[in-house]
Amino acid sequence: MSIEVEERKLNPAVALPALDESAPREPHRQFALKHEDCFVVADSYGDIRGSGDGLFRDDTRVLSRFRLFIGGRMPSLLGASLSQDNILFTANLTNLATIGPDGRETLPGVVHIERTRFIWHDRMYERVTFTNYSAREVLLPVRFDFDADFRDMFEVRGTTRSRRGRAHDALVGESGVTFCYEGLDNVARQSVIAFSIRPDQIHPHHAEFLILVGRHDRKVLYLEVGQNEEIPSSDRFRASAARARFAMRSKRRQGATVFSSGRVFNDWLTRTRADIALLTTDLETGPYPYAGIPWFSTAFGRDGVISALQMLWLNPELARGVLAFLARYQSTETSVFDDAEPGKIMHETRKGEMAVLRELPFGRYYGGVDTTPLYVYLACSYADRTGDDEFVERMWDSLCAAIGWMEEVGARNSDGFVTYNRAADTGLFNQGWKDSADAIFHADGKIPRGPIALVEVQGYVFAAYQGMAALADKRGEAAKAAHWSAMAEKIRSAVEARFWMPDRNFYALAIDGEGRQCAVRASNAGHLLYVGLPSAERAKSIAEQLLSGHLHSGWGVRTLADDEIPFNPMSYHNGSIWPHDTAICAAGLARYQERTSVVKLMSSMFEAAVRFNMRLPELFCGFTRAIGDAPIAYPVACLPQAWSAGSAFMMLQACLGIRIDGWKREINVERPRLPIGIDNIVIRHLAVGEAKVDLNFQRVGDRVVCYLGERHEGVVPLVVRS
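Residues numbered from 1 in each chain as written. Predicted model: local features only at pLDDT ≥ 70, side-chain atom pairs only at ≥ 80, totals over all residues. Heavy atoms only, no water.

### A few points about a nonpolar patch on the surface
A cluster of nonpolar side chains, Met570, Phe623 and Ile632, forms an exposed patch at the surface whose accessible area comes to about 270 Å². Mapped onto the elements, Ile632 comes out in the loop between helix H15 (595–611) and helix H16 (642–656). (Patch = residues over 30% accessible without salt bridge, like charges linked within 9 Å, V, L, I, M, F, W, Y side chains within 5 Å. Areas by Shrake-Rupley, 256 points an atom, 1.4 Å probe, with all protein chains shown as cover. Salt bridge = Lys/Arg side-chain N within 4 Å of Asp/Glu carboxyl O. Helix = DSSP H or I, 4+ residues; strand = E, 2+ residues; numbered from the N terminus.)

Have a look at this one:
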């Protein structure tokens, strides 16, 4: 035995070799909590070690290190979990062998350590309970290490700044430490760590306690991290936790709810609904689903719209909130730095120091080519779902401005395509949903020159024109209806002529600035099915290839076929699997009556979710599924992610064949199918106009029957087509 090992055996407080804390961690082994614009990401121990972890407030990391040690050692992990409502994180730990200051050894595994944490109103609350199961009292040396680096979110993600603001020396009090930072934006940011028990020793970056726990007894320590100093206590912890749970319960009750005969399937839907509620922030304009934690916990245009589309059949209020927010911040001017033009819809907004100083354009950034047509499409879909004439009237000028921007961009080329070419070097190079720098390419892997016309964007444009034509017709504006209907057909014809690859029976990923096809097979073509652009014959070919081994991994639809040159199953966009992308493809298949294929895709996604502890991450690797294997995580994916969570409900709608006609106030169900292993599903409190009903689906032999259950308010016609 070496001297070093012998020394560690005798003195457990001797430091072990440092871990590589800069390495990315598997997202499904991290745990996130959020309330409004504050969130925390920590590991299974409840520790914040650096890297992408931390407590964040308004896009600034206000706690960059927070670790618990017992006798100078990390405790042993027993397990970690989130409560079903996403409010409480709990880590269950136990002690390793330690030697106390009295020289007495504490045997391993005799003290249970429970860390329970939640976020409420820009504040992190934590309760640490020490329960002694040994036959004698235990004196535990407990230490918390902490730091606050006040890094902007973009710094945490890897952006280097030439200079930063001023970090003051930590102020040490009797029962806590205060960190202060003055940003270059002249904003003073503060983070206060306070303990309910006065530490035996307290220093700028750690606090030490000697906690005496009697045999078969327990001791509890409370702590809080916030912008100002408060004295943590049991009463404060309980009262704030109760308010947090009540607020979350209210969010989860919004809209209709889904129950099935499958216990595990129900667990998935419950967790998914809780994730959407967790990410939904109540803004002045209404509820808005923030994109994902940690990197995108803010309002994104594209993500918000797609999440609202996924949930529209169950909860139209989410779409209303998204539309109202995006309308408020619709661009009215041209800005190269912000990539803004009149009528364009916002892509992203940020509150951090770098955004305020305009070191980056993302304070309010408009560099998303698909957000504007998707915004119009969501508004038209919301109108069809609800028949809400009053809201459409309020939105009409905004929708016309958005369509005006689309027409103006389309006039720059003979086909009417909506294209992008970033206005400034600080903006995004690629501006569709696949926005990484290498996501759009030619068949040989070369990066094309702009302006770029993405295939799925033209589909969204087609759907936006169609939707606006229908709304104009209802408003009695016949000239506008005819014009937009003609524009929709012009886009349809141009897509069919310019994007179709006859030799591959598939649509090209994009058309570059020289008019050349980016002749690769990618999942983007599935989005054309979603909006109903392709002919039935071409749709069949797309469907077959989406479900072939080249694009379908066995877990979901890959973003890129595995026989294309740039394919990499571990990449961000070039071969990975994005649940929202698979869900849109599934909804497209359902539109063309490929219901069996939809059931297959939903089964794959459900099985992946089970292996990811009931939460689908932002994306995961696109390796081919093998018997007994689990899906492989992408190391820096967001979890939870709103449109990944919402994908479960988009696929379920596609399986059940539900469409709610808000104008006629009726429910239409066409060729319903149930997910594999599920014999019945009930959708409770489904709103149709002013009425609310329960809708039941039951497997009977090889058929699925649909019927209305309890009527809570009003009468709703149900039209079922087998």
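### As for helix H11 (residues 478–498)
Taking 1.5 Å per residue as the helical rise, H11 with its 21 residues ought to reach 30 Å, and the 30 Å between its terminal C-alpha atoms agrees with that figure. Among the structural elements, helix H9 (389–410), helix H10 (455–474), strand E26 (500–501), strand E27 (506–507), helix H12 (524–531) and helix H13 (536–546) are those in contact with the buried residues of H11. (Expected span 1.5 Å × (residues − 1). Contact = heavy atoms within 4.5 Å.)

### A word on the packing of helix H5 (residues 301–311) against helix H6 (residues 316–328)
Where H5 meets H6, the closest approach of the two axes is 8 Å, and the angle between their N-to-C directions is 155°. Considering their axes alone, H5 and H6 lie roughly antiparallel with respect to each other. Crossing of H5 over H6 shows left-handed handedness. Taking contact as the criterion, the partners of Gly301, Gly304, Val305, Ser307, Ala308 and Met311 in H5 are, on H6, Leu318, Ala319, Val322 and Leu326. (Axes fitted to C-alpha atoms, helices over the stretch in contact; angles between N-to-C directions. Parallel < 35°, antiparallel > 145°, perpendicular 65-115°, else oblique. Left-handed = near helix turned anticlockwise from the far one by under 90°.)

### Examining unusual backbone geometry
The amide bond that connects Gly450 to the next residue, Pro451, takes the cis arrangement and shows omega of 0°. The residue after Leu639, namely Pro640, is reached through a cis peptide bond having omega 0°. Counting through the fold element by element, Pro640 comes out in the loop between H15 and H16. Backbone geometry places Asp58, a non-glycine residue, at a positive phi of 50°. According to the relative accessible area criterion, Asp58 is partly exposed, its value standing at 33%. Of note in the backbone geometry, Asn86 takes a positive phi value of approximately 70° without being a glycine. (Buried < 20%, exposed > 50% of the residue type's maximum accessible area, 1.4 Å probe, protein only.)

### What about the packing of aromatic side chains?
Under the defined criterion, the tally for this structure stands at 31 aromatic pairs. An angle of 65° between the planes, with centres 5.2 Å apart, marks the rings of Phe195 and Phe209 as edge-to-face. Taken together, the residues span a long stretch of sequence, with Phe195 in strand E16 (residues 188–195) and Phe209 in strand E18 (residues 206–213) at a distance of 14 residues. For the pair Phe195 and Phe209, a shared accessibility class is recorded, and that class is buried. Feature note: the residues Phe66, Phe144, Phe146, Phe179, Phe195 and Phe209 constitute an aromatic cluster, connected by ring pairs. The lysine or arginine in question, Arg625, covers the ring of Trp555, its NZ or CZ lying 3.8 Å from the ring centre. Stacked on the ring of Phe259, the Lys or Arg Arg684 has its end atom at 4.2 Å from the ring centre. (Phe/Tyr/Trp six-rings, centres within 6.5 Å; stacked < 30°, edge-to-face > 60°. Lys NZ or Arg CZ within 6 Å of the ring centre and 35° of its normal.)

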